[in-house]
Amino acid sequence: MNTPARGRVLPFSEKEKTEEESGTLESSLLQLIDDNRRSSLHLREKTERSRKEAIRHAARTADLLVKAVNGGVEECFVNEKRIESEIRNLAVTVARFGKQTDQWLAATHAVNSAVKEIGDVENWMKTMEFDCKKITAAIRNIHDDQ
């Protein structure tokens, strides 16, 4: 190692050598700083690209998850609307059948009343016939007795 002692005057060739070494050392340090700055910048850019790509992937994943969940929700919503429509249709049908049943009940009640009246008339006719026979028998008895 050729390091000069302190306070010692170096010959021109050694001085030149030391200046060359310090120039080389300085340029090496500058080169290292520049390389470090470039690699840091490159690493920052790469990190930023990776971050943006991760955000894009996360957004895409979130969109796919939302679509998957919404697909099921949408299907449930469509089914709910279809069921509500069927319920309304069934309510109308039930009301129509209720009216029809009331009409049938009224008709059967009218027929039942008519049959009762026929039975009453028949019973009245039998009573009248029996009374007529009694009267006829009484008149014959009276006629025969005279």
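As annotated in an unreviewed UniProt entry, the protein chain is Biogenesis of lysosome-related organelles complex 1 subunit 1 from Camelina sativa. Here the protein chain is described in UniProt, under the heading Sequence similarities (unreviewed entry), as follows: "Belongs to the BLOC1S1 family."

Chemist: Looking at this structure, I do not really get the pattern of salt bridges. What am I missing?
Modeler: Between side chains of opposite charge, a pair can form when the charged atoms approach closely. Scanning all chains against the criterion turns up seven salt bridges. In this structure, the salt-bridge partner of Arg51 is Glu48, at a minimum N-O distance of 2.5 Å. Placement of both Arg51 and Glu48 in helix 1 (residues 12-145) is noted, with a separation of three residues, approximately one turn of the helix. Overall, the relative accessible area of 31% leaves Glu48 in the partly exposed class. Between Lys126 and Glu122 there is a salt bridge, with its nearest N and O atoms 3.8 Å apart. Here the residue Lys126 and the residue Glu122 both occupy positions in helix 1, the gap between them amounting to four residues, near one helical turn. The class for Glu122 is partly exposed, based on a relative accessible area of 43%. Overlapping salt bridges, with partners in common, bring together Asp34, Asp35, Arg37 and Arg38 in one network.

Analysis parameters
Residues numbered from 1 in each chain as written. Predicted model: local features only at pLDDT ≥ 70, side-chain atom pairs only at ≥ 80, totals over all residues. Heavy atoms only, no water. UniProt positions renumbered as here; feature names shortened; annotations may be inferred. Salt bridge = Lys/Arg side-chain N within 4 Å of Asp/Glu carboxyl O. Helix = DSSP H or I, 4+ residues; strand = E, 2+ residues; numbered from the N terminus. Buried < 20%, exposed > 50% of the residue type's maximum accessible area, 1.4 Å probe, protein only.

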